[in-house]
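Tertiary structure, described
Here are the chains, one letter per residue:
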Amino acid sequence: MADTKKPSTMTTAFGRPIENNQNSVTAGSRGPILMQDYHLIEKMAHFNRERVPERVVHAKGYGGYGTFTVTQDISKLSCASLFSKVGKKTEMFARFSTVGGESGSADTARDPRGFAMKFYTEDGNWDLVGNNTPIFFIRDPLKFSDFIRTQKRDPGTHLKPHWRRWDYWSLSPEALHQVMFLYSDRGTPVSARFMDGFGSHTYSFWNDKGERHWIKFHFKTQQGIKNFSDADAAKMTGDDPDFSTRDVIEAIDKGDFPKWTMFIQVMPEAEADTYKIHPFDLTKVWPHADYPLQEVGVMELNRNVENYFAEVEQASFEPSNMVPGIGFSPDKVLQNRILSYADAHRYRLGGANYHQIPVNQAKAAKNVATYHRDGTMVVDGNGGGAVDYQPNSFGGPVPDPSVTEPPLRISGDAARYEYKCDDEDFYGQPRLFWEKVLDKQGRENLVENIVGSMTNPMMGIADPRPIQERMLKHWYKIHPDFGAAVAKGIGMDTKLAAAE
Ligand code: HDE
């Protein structure tokens, strides 16, 4: 907040001092308003344009600044400047979000949580735009908008009947793993402080010898995992729908800085060809027994934003922001996200120059030197009179071959390929989740949460039973106890469902 003791003079946006901000200019005390009251017109016109399109997903969120500190030397794996030595600190910004709700929706929704990070490195910004889940609902981006519709409002009623999601999931068994995660207690974290984060996709590291490894990123909360039960989440939705936002802001204000330890799983490049699990399938985890977690560093959030809209709403996280030493993988969903986010920002943040907004600037980069010019809202001098084409003979910036990524061998016939879809593919890791990840209480809560949602008021559909039956068959295939427990909960004939 500005100093209120000595207020400065209020002005229009263009600096003309304003004499009165309470009474419009009228023709006589009872007369109509005159067009010449430009202060009034400017005020109303700006107000009409205050909202920008909210994020089509992940609209409700909050963010803060922090520091990433390297604790273990991984420079043999990656030549990225942010990992160059133990103790190295990199400024960063993180945003946490729910997915399906609007910008004003409750923090407590059963939903994955976005876990987006922007690291301001010397070689430009590195954005790791992940979730609090190591997996996702789909593994081909062609399905994304269909899937998201099932989490959004019904086009007819503008309501959110749950049968839409169960209809879709029952027809999309690759989603089961993530659905189980979502309906477990981890689907309703108390706040971002109490959840883990994941890069989710397989990424890659490359080093200065030109060697590549496939990498999964994990961020383990140092605050411990804390989740709401379904009932507590429902109560909190009424009492304080912004609870999780407040929790993080207050902790940072108090100096109780939240921290996460960054770990990686590392797979040598060639092993991707032979590993039993498709290494680029976003619906699968890599078992830690095969690829153990290796510590890299600590992320700490230690500064709240000063202005929500300027810094959080205008933040543009995009998987396309990579730095030398870190690379993509052939994961189809990741490949699509390379396009989608920057495209969304060009729409949402008014054109081609959103990289000039302070929170998005490559503020720690040794150098930012492009040949981009013009477009809406240029505020950085637009390159002045410098040469605006390349190659040129006037000393303009030139590419640096030393940052070339090692070549990746890719071959194949262009076609629309399905993933390998045997039964194990859909049910194997969900079964491990049921048997090994959840304890008895966790299994009971999972069943209760699923039952609640599968019997959620079925407005807009004549007969929910075909959807419920189709879904039940999947739960049975994951584990007979699981199927039986849900069947009992939703009051369906156990034998009938099991037999099919
Ligand atoms: Fe996103 N996603 N997503 N997503 N996503 C967006 O970006 C998209 C996916 C994630 O705090 C959008 O600016 C596609 C996986 C986070 O600002 C949009 C696909 C993961 C955030 C978009 C995915 C995520 C977003 C919405 C599949 C976890 C919030 C407007 C092909 C690994 C970032 C916008 C923030 C936001 C597209 C799938 C995480 C539309 C096309 C998988 C954390 O661009």
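So, how was this worked out
Residues numbered from 1 in each chain as written. Predicted model: local features only at pLDDT ≥ 70, side-chain atom pairs only at ≥ 80, totals over all residues. Heavy atoms only, no water. Donors = N, O, S within 2.8 Å, 3.2 Å for Na, K, Ca; no water. Helix = DSSP H or I, 4+ residues; strand = E, 2+ residues; numbered from the N terminus. Phe/Tyr/Trp six-rings, centres within 6.5 Å; stacked < 30°, edge-to-face > 60°. Buried < 20%, exposed > 50% of the residue type's maximum accessible area, 1.4 Å probe, protein only. Lys NZ or Arg CZ within 6 Å of the ring centre and 35° of its normal. Near = heavy atom within 4 Å. Polar contact = N/O pair within 3.5 Å; in protein donor to acceptor, adjacent residues only side chain to side chain. Nonpolar A, V, L, I, M, F, W, Y, C, P; charged D, E, K, R; others polar. Contact = heavy atoms within 4.5 Å. Expected span 1.5 Å × (residues − 1). Patch = residues over 30% accessible without salt bridge, like charges linked within 9 Å, V, L, I, M, F, W, Y side chains within 5 Å. Areas by Shrake-Rupley, 256 points an atom, 1.4 Å probe, with all protein chains shown as cover. Salt bridge = Lys/Arg side-chain N within 4 Å of Asp/Glu carboxyl O. Axes fitted to C-alpha atoms, helices over the stretch in contact; angles between N-to-C directions. Left-handed = near helix turned anticlockwise from the far one by under 90°.

Structural notes on the coordination of the iron atom of the ligand
- Exactly one protein atom donates to the iron atom of the ligand; that atom is Tyr341 (OH), 1.7 Å from the metal.
- Mapped onto the secondary structure, Tyr341 falls in helix 8 (residues 332–348).

Things to note about the packing of aromatic side chains
- Inspection of every chain in the model, using the stated rule, returns 33 aromatic pairs.
- Ring centres of Phe136 and Phe147 lie 6.1 Å apart, and the angle between their planes is 80 degrees; on these two criteria the pair is classed as edge-to-face. Of this pair, Phe136 sits in the loop between strand 4 (124–131) and helix 2 (144–151) while Phe147 sits in helix 2, placing them 11 residues apart in sequence. Each member of the pair, Phe136 together with Phe147, is buried.
- Ring plane angle 75 degrees and centroid distance 6.0 Å describe the contact between Trp166 and Trp475, whose orientation is recorded as edge-to-face. Here Trp166, found in helix 3 (residues 163–170), pairs with Trp475, found in helix 11 (residues 465–478); they are 309 residues apart in sequence, far enough to count as distant. Of the two residues, Trp166 and Trp475, both sit in the buried class.
- Ring-pair connections join several aromatic residues into one group, and the members of that group are Phe136, Phe137, Phe144, Phe147, Trp166, Tyr168, Trp169, Tyr183, Trp434, Trp475 and Phe482.
- If you follow Arg303 out to its NZ or CZ, it ends over the ring of Tyr65, 4.2 Å from the centre.
- The aromatic ring of Trp434 is capped on one face by Arg443, whose charged end is 5.8 Å from the ring centroid.

Observations concerning the site of the ligand
- Not every one of the 27 residues close to the ligand is listed here, only the nearest: Arg55, Arg95, Gly130, Tyr341 and His345.
- At 2.7 Å from an oxygen atom of the ligand is found a side-chain nitrogen or oxygen belonging to Arg55.
- Here an oxygen atom of the ligand and a side-chain polar atom of Arg95 are 2.6 Å apart.
- Element by element, the count of residues in the shell around the ligand is highest for helix 8, at 8 residues.
- Split by residue class, the shell around the ligand holds 13 nonpolar, 10 polar and 4 charged.

What about the environment of Asn367?
- Of note, Asn367 is situated in the loop between helix 8 and helix 9 (423–437).
- Sequence separation of Asn367 and Phe198 is 169 residues, and the distance between their C-alpha atoms is 29 Å.

Quick look at unusual backbone geometry
- Across the junction of Gln390 and Pro391, the peptide omega takes the value 5 degrees, indicating a cis bond.
- Relative to the helices and strands, Pro391 resides in the loop between helix 8 and helix 9.
- Positive phi, normally seen in glycine, also occurs at Ser200, with a value near 70 degrees.
- With respect to the helices and strands, the residue Ser200 is situated in the loop between strand 5 (197–198) and strand 6 (203–206).

Thoughts on the side chain of Asp425
- Positionally, Asp425 belongs in helix 9.
- On the basis of relative accessibility, which here comes to 13%, the residue Asp425 falls in the buried class.
- Of the polar contacts made by the side chain of Asp425, one reaches the side chain of Arg139; its length is 3.1 Å.
- Polar contacts involving the side chain of Asp425 include one to the side chain of Lys284, which spans 3.0 Å.
- The residues touching Asp425, leaving out its near neighbours within four places in the chain, are Arg139, Asp281, Lys284 and Lys420.

Notes on helix 11
- Helix length check: helix 11 (14 residues) gives 20 Å between terminal C-alpha atoms against 20 Å at 1.5 Å per residue, within 8%.
- Regarding helix 11, the residues found buried are Ile467, Gln468, Met471, Leu472, His474, Trp475, Tyr476 and Ile478.

Digging into a nonpolar patch on the surface
- Residues Met35, Tyr38 and Ile41 make up a contiguous nonpolar surface patch of about 350 Å² in total accessible area.
- Note that Tyr38 resides in helix 1 (residues 38–48).

Observations regarding the pattern of salt bridges
- Summed over the entire model, instances satisfying the criterion amount to 29 salt bridges.
- Note that Glu102 is salt-bridged to Arg153, the shortest N-O span being 2.8 Å. Taken together, the residues span a long stretch of sequence, with Glu102 in the loop between strand 2 (89–97) and strand 3 (114–121) and Arg153 in the loop between helix 2 and helix 3 at a distance of 51 residues.
- Here Asp123 and Lys366 are joined by a salt bridge, their closest N and O atoms 2.9 Å apart. In this pair, Asp123 is assigned in the loop between strand 3 and strand 4 and Lys366 in the loop between helix 8 and helix 9, connecting sequence segments 243 residues apart.
- In this structure Asp123 comes out as partly exposed when scored by relative accessible area, which is 29%.
- When salt bridges with common partners are traced through the structure, they connect Arg139, Asp281, Lys284 and Asp425 into a single cluster.

Comments concerning the packing of helix 3 against helix 4 (residues 176–183)
- Orientation of helix 3 relative to helix 4, taken along the N-to-C sense of each, is 145 degrees, at an axis distance of 10 Å. Of the two elements, helix 3 crosses helix 4, and the hand of that crossing is left-handed. When helix 3 is examined against helix 4, the residues Arg165, Trp166 and Trp169 are found in contact with a partner set consisting of Val179, Leu182 and Tyr183.
- Taken together, the residues that form the contact of helix 3 with helix 4 break down as 5 nonpolar, no polar and 1 charged.

So, the environment of Asn449
- The residue Asn449 is located in helix 10 (residues 440–454) in this model.
- Residues Asn449 and His372, spaced 77 residues apart in sequence, show a C-alpha to C-alpha distance of 51 Å.
- Residue contacts for Asn449: discarding those within four places in its chain leaves Arg110, Tyr183, Ser184, Asp185 and Asp230.
- Among the polar contacts listed, one links the side chain of Asn449 to the backbone oxygen of Tyr183, at a separation of 2.8 Å.

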